[in-house]
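Next come the chains, spelled out residue by residue.
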Amino acid sequence: MTQEFLDGLLRSANENEHFLRHNGIRFTEVSEGRAVAELELSDTVINRWGTPHGGALFTMGDVACGIAAISVRGESLVTLNASIDYMERACIEGKVTAVAKVERAGGKVCFCSAEMFDCNGKRIAAMRAAMYYTGTKLDFA
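A short tour of the structure in this document, coming up. (Residues numbered from 1 in each chain as written. Predicted model: local features only at pLDDT ≥ 70, side-chain atom pairs only at ≥ 80, totals over all residues. Heavy atoms only, no water.)

## Description of the overall build of the protein
Within the protein, the regular secondary structure consists of three helices and six strands. Of the regular secondary structure in the protein, the N- to C-terminal order runs α-α-β-β-α-β-β-β-β. Considered along the principal axes of its C-alpha atoms, the protein spans approximately 40 × 25 × 20 Å. Put simply, the protein has 141 residues, and 45% of those count as buried. (Helix = DSSP H or I, 4+ residues; strand = E, 2+ residues; numbered from the N terminus. Buried < 20%, exposed > 50% of the residue type's maximum accessible area, 1.4 Å probe, protein only.)

## A few points about the sheet that holds strand S6 (residues 123-137)
Taken in spatial order, the six strands make up an open sheet running S1-S2-S4-S5-S6-S3, and their pairing is antiparallel. In the strand order of this sheet, the two ends are held by strand S1 (25-31) and strand S3 (75-86), each with one partner. Pairwise comparison of adjacent strand axes, ignoring direction, gives a mean angle of 20° for this sheet. (Pairing = 2+ DSSP bridges. Axes fitted to C-alpha atoms, helices over the stretch in contact; angles between N-to-C directions.)

## Let's talk about the environment of Phe58
As for its position among the elements, Phe58 is in helix H3 (residues 54-73). Residue classification places Phe58 among the partly exposed residues on the basis of a relative accessible area of 29%. The sequence separation of Phe58 and Ser76 amounts to 18 residues, and the corresponding C-alpha distance is 20 Å. If near-sequence neighbours (up to four positions away) are discounted, Phe58 is found in contact with Ala82, Ser83, Ile84, Tyr86 and Met127. (Contact = heavy atoms within 4.5 Å.)

## Some remarks on the layout of surface pockets
Rolled over the atoms, a probe sized like a water molecule indicates the empty space that remains. There is about 260 Å³ of room inside the largest pocket. As for the largest pocket, its lining consists of 17 residues, of which Glu17, Val63, Gly66, Ile67 and Ile70 are closest to the centre. Elements represented by at least two residues in the lining of the largest pocket include exactly helix H1 (3-15), helix H2 (18-22), H3 and S3. Among the elements that take part in the lining of the largest pocket, H3 stands out by supplying five residues, more than any other. Here the lining of the largest pocket is composed, by residue class, of 12 nonpolar, three polar and two charged. (1 Å grid on protein atoms, 1.4 Å probe; cavity = no way out; pocket = protein on both sides within 12 Å on 5 of 7 lines; lining within 4 Å. Points joined across faces, edges and corners; volume = space filled by probe spheres on them. Nonpolar A, V, L, I, M, F, W, Y, C, P; charged D, E, K, R; others polar.)

## Comments concerning the pairing of strand S4 (residues 95-105)
With seven bridges joining them, strand S2 (residues 34-40) and S4 adopt antiparallel strand pairing. Note that in S4 the partner of Val36 across the bridge is Val99. Here S4 pairs with strand S5 (residues 109-117) via eight bridges, running antiparallel. Residue pairing in the sheet places Ala105 in a bridge with Cys110 of S5. Between the antiparallel neighbours S4 and S5 lie three residues.

## A few points about H3
An α-helical turn contains 3.6 residues, so any two residues separated by three or four positions project in the same direction. Taking 1.5 Å per residue, 20 residues should reach 28 Å; H3 reaches 29 Å between its end C-alpha atoms and fits that length. Count one or two residues on from H3 and you reach Gly74, which has phi positive near 65°. (Expected span 1.5 Å × (residues − 1).)

Okay, here's the thing in C-alpha cells:
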C-alpha cells in the first residue's frame, strides 16, 4: 500500500469511526501489516474492580487487527473469528496500547495477532484473529 493510502486509513479510523471515538480508542500508527491503537482509560471502559473491562480490550484488539489487515490489501473485511487471552491485571490509569500485526494474508483470509500493554508496558492480553476480505476495494487517498 502507498503511504498516502496508509495515512488516509489512519485518518479515517480516527475520524470516521464513531464507535471507536465513543469508546476512547485512537490509532497512533498504521504501516503495512501493522497497526497501533491506544485506549484512554476512563469510566466508560473500567470494570467494577477499576481495571479495563475485558470487552474493551477485546474491541481494541479486534479493530487493531482489522486495520492491520486492511493495510495489506486495501479491502474491506469482517472478523471471522477472534480469541483473546487475558494474562495480567492492567494499571488503573493512563492508556492501554494494542500492537497488531498481520501474520499471513491469504486469498480471502488474513491471520493477525495483537498484544495489549498497560501504561507500564506490561503485556496484559494477547489476541489471535482471522479476518475475511470481502473483495470491496477501499480508497483513502
